[in-house]
Amino acid sequence: MHEMSIAQSLVAIIKEEMEKHGLTRLHAVRVCHGRLAALVPDALAFAFEACTLGTPMQGVRLELAEIPIVLRCSQCAQEFSPEQGDLFMPCPACGEGLGHEVLQGKELYLDNIEAE
Ligand SMILES: [Zn+2]
(Lines give C-alpha, C1' and ligand atoms only; values in the text may rest on other atoms or scores of the structure.)
Protein backbone atom coordinates (compact mmCIF):
# COMPACT_ATOMS: atom_id res chain seq x y z
CA MET A 1 0.00 0.00 0.00
CA HIS A 2 2.03 2.95 -1.22
CA GLU A 3 -0.46 5.47 0.13
CA MET A 4 1.02 4.97 3.60
CA SER A 5 4.50 6.02 2.50
CA ILE A 6 3.01 8.94 0.55
CA ALA A 7 1.14 10.05 3.68
CA GLN A 8 4.33 9.81 5.73
CA SER A 9 6.29 11.96 3.31
CA LEU A 10 3.43 14.46 3.14
CA VAL A 11 3.44 14.80 6.91
CA ALA A 12 7.23 15.30 6.86
CA ILE A 13 7.01 17.99 4.14
CA ILE A 14 4.16 19.78 5.91
CA LYS A 15 6.10 19.84 9.19
CA GLU A 16 9.12 21.28 7.42
CA GLU A 17 7.06 23.94 5.63
CA MET A 18 5.31 24.97 8.82
CA GLU A 19 8.57 25.28 10.74
CA LYS A 20 10.12 27.24 7.91
CA HIS A 21 7.28 29.76 7.97
CA GLY A 22 6.73 29.77 11.74
CA LEU A 23 3.20 28.32 11.46
CA THR A 24 1.66 26.38 14.32
CA ARG A 25 -1.94 25.62 13.38
CA LEU A 26 -2.69 23.58 10.30
CA HIS A 27 -6.19 23.73 8.81
CA ALA A 28 -6.12 22.11 5.41
CA VAL A 29 -3.82 20.39 2.97
CA ARG A 30 -4.24 20.12 -0.79
CA VAL A 31 -2.56 17.39 -2.78
CA CYS A 32 -2.55 17.19 -6.58
CA HIS A 33 -2.25 13.77 -8.14
CA GLY A 34 -2.08 12.77 -11.77
CA ARG A 35 -4.30 9.93 -12.95
CA LEU A 36 -1.18 7.93 -13.78
CA ALA A 37 0.12 8.20 -10.22
CA ALA A 38 -2.50 5.53 -9.46
CA LEU A 39 -3.35 7.02 -6.13
CA VAL A 40 -6.42 5.72 -4.31
CA PRO A 41 -7.90 8.85 -2.70
CA ASP A 42 -9.73 6.97 0.07
CA ALA A 43 -6.60 5.02 0.92
CA LEU A 44 -4.54 8.19 1.14
CA ALA A 45 -7.17 9.91 3.29
CA PHE A 46 -7.12 6.92 5.62
CA ALA A 47 -3.32 6.75 5.73
CA PHE A 48 -3.05 10.49 6.32
CA GLU A 49 -5.49 10.23 9.20
CA ALA A 50 -3.49 7.35 10.68
CA CYS A 51 -0.21 9.29 10.35
CA THR A 52 -1.57 12.40 12.02
CA LEU A 53 -3.50 10.72 14.81
CA GLY A 54 -2.40 12.09 18.17
CA THR A 55 -0.33 14.86 16.56
CA PRO A 56 -1.20 18.57 16.20
CA MET A 57 -2.19 17.75 12.60
CA GLN A 58 -5.01 15.45 13.67
CA GLY A 59 -8.35 16.28 12.02
CA VAL A 60 -6.83 18.42 9.27
CA ARG A 61 -8.84 18.61 6.06
CA LEU A 62 -7.19 16.77 3.19
CA GLU A 63 -8.23 17.92 -0.29
CA LEU A 64 -7.30 15.87 -3.30
CA ALA A 65 -7.27 17.32 -6.80
CA GLU A 66 -6.89 15.00 -9.75
CA ILE A 67 -4.77 16.11 -12.71
CA PRO A 68 -5.95 14.70 -16.06
CA ILE A 69 -3.62 12.90 -18.44
CA VAL A 70 -2.28 14.82 -21.43
CA LEU A 71 -0.49 12.95 -24.20
CA ARG A 72 1.43 14.11 -27.27
CA CYS A 73 1.14 12.00 -30.39
CA SER A 74 4.38 10.34 -31.49
CA GLN A 75 3.52 10.91 -35.15
CA CYS A 76 1.88 14.31 -35.57
CA ALA A 77 2.57 15.95 -32.16
CA GLN A 78 -1.12 16.55 -31.55
CA GLU A 79 -1.81 16.96 -27.82
CA PHE A 80 -4.87 15.21 -26.44
CA SER A 81 -6.36 13.97 -23.24
CA PRO A 82 -7.72 10.41 -23.10
CA GLU A 83 -11.02 10.36 -21.24
CA GLN A 84 -10.60 7.06 -19.46
CA GLY A 85 -6.94 7.36 -18.58
CA ASP A 86 -6.11 5.02 -21.44
CA LEU A 87 -2.51 5.51 -22.58
CA PHE A 88 -3.09 3.57 -25.79
CA MET A 89 -5.95 5.65 -27.07
CA PRO A 90 -5.40 6.38 -30.79
CA CYS A 91 -4.49 9.96 -31.65
CA PRO A 92 -7.68 11.88 -32.58
CA ALA A 93 -5.84 13.63 -35.43
CA CYS A 94 -3.95 10.81 -37.19
CA GLY A 95 -5.01 7.56 -35.49
CA GLU A 96 -1.55 6.58 -34.22
CA GLY A 97 -1.92 4.44 -31.11
CA LEU A 98 1.66 3.85 -29.97
CA GLY A 99 4.52 5.74 -28.41
CA HIS A 100 2.68 8.80 -27.15
CA GLU A 101 4.64 11.01 -24.84
CA VAL A 102 3.10 11.67 -21.43
CA LEU A 103 3.07 15.45 -20.89
CA GLN A 104 0.97 15.43 -17.78
CA GLY A 105 -0.64 12.96 -15.41
CA LYS A 106 2.24 11.43 -13.44
CA GLU A 107 2.42 14.25 -10.91
CA LEU A 108 2.02 13.78 -7.22
CA TYR A 109 2.74 16.78 -5.06
CA LEU A 110 1.68 18.88 -2.13
CA ASP A 111 -0.05 21.84 -3.75
CA ASN A 112 -0.95 24.01 -0.81
CA ILE A 113 -1.28 24.12 2.95
CA GLU A 114 -3.63 26.34 4.87
CA ALA A 115 -2.12 27.24 8.21
CA GLU A 116 -1.49 30.11 10.59
ZN1 LIG B 1 -1.32 12.02 -34.29
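What you see is a predicted model; the values in this text were computed from it and never measured. (Residues numbered from 1 in each chain as written. Predicted model: local features only at pLDDT ≥ 70, side-chain atom pairs only at ≥ 80, totals over all residues. Heavy atoms only, no water.)

### Notes on the coordination of the zinc ion
Here is step 1: Note on the zinc ion: its protein donors are C73 (SG), C76 (SG), C91 (SG) and C94 (SG). The metal-donor distances range over 2.3 Å.
Here is step 2: Bound by four donor atoms, the zinc ion shows angles of 103 to 115 degrees at the metal and therefore tetrahedral coordination geometry.
Here is step 3: Given the relative accessible area of 36%, C76 is considered partly exposed. (Donors = N, O, S within 2.8 Å, 3.2 Å for Na, K, Ca; no water. Tetrahedral: all angles 85-135°; square planar, octahedral: opposite > 155°, others 65-115°. Buried < 20%, exposed > 50% of the residue type's maximum accessible area, 1.4 Å probe, protein only.)

### A closer look at the sheet that holds strand β1 (residues 26–34)
Here is step 1: Ordered by their spatial adjacency, three strands build an open sheet running β2-β1-β6, and the pairing between neighbours is mixed. Because the sheet does not close on itself, it has two edges, and the strands there are β2 (61–67) and β6 (108–115). For this sheet, the mean angle separating the axes of adjacent strands, direction not counted, is 20 degrees.
Here is step 2: As defined by bridge partners, β1 adjoins β6 across seven bridges and the pair is classed as antiparallel. Among the inter-strand pairings, C32 is bridged to a residue of β6, identified as Y109.
Here is step 3: Where helix α1 (residues 2–21) meets the sheet, it contacts β1 and β6, and its direction lies at approximately 45 degrees from that of β6.
Here is step 4: Contacting β1 and β2, helix α2 (residues 41–52) runs over the sheet at an angle of about 150 degrees to β2. (Pairing = 2+ DSSP bridges. Helix = DSSP H or I, 4+ residues; strand = E, 2+ residues; numbered from the N terminus. Axes fitted to C-alpha atoms, helices over the stretch in contact; angles between N-to-C directions. Contact = heavy atoms within 4.5 Å.)

### Comments concerning a nonpolar patch on the surface
Here is step 1: On the surface, L87, F88 and L98 cluster together into a nonpolar patch covering about 320 Å² of accessible area.
Here is step 2: Inspection of the secondary structure assignment puts L98 in the loop between β4 (79–80) and β5 (101–104).
Here is step 3: For L98, a relative accessible area of 57% translates into the label exposed. (Patch = residues over 30% accessible without salt bridge, like charges linked within 9 Å, V, L, I, M, F, W, Y side chains within 5 Å. Areas by Shrake-Rupley, 256 points an atom, 1.4 Å probe, with all protein chains shown as cover. Salt bridge = Lys/Arg side-chain N within 4 Å of Asp/Glu carboxyl O.)

### Digging into the nonpolar core
Here is a general trend for soluble globular proteins: nonpolar side chains tend to be buried in one another's company.
Here is step 1: The biggest cluster of nonpolar side chains holds 17 residues, and the ones touching the most others in it are I14, L26, V29, L44 and F48.
Here is step 2: Of all elements in the fold, only α1, β1 and α2 reach the threshold of two or more residues within this core.
Here is step 3: Of all the elements, α1 adds the most residues to this core, at six residues.
Here is step 4: Setting aside residues no more than four positions away along its own chain, V29 makes contact with I14, F48, V60, R61, L62, E63, L110, N112 and I113.
Here is step 5: Grouped together as the second largest cluster of nonpolar side chains are five residues, I69, L71, C73 and C91 included. (Core = buried A, V, L, I, M, F, W, Y, C linked by side-chain atoms within 4.5 Å.)

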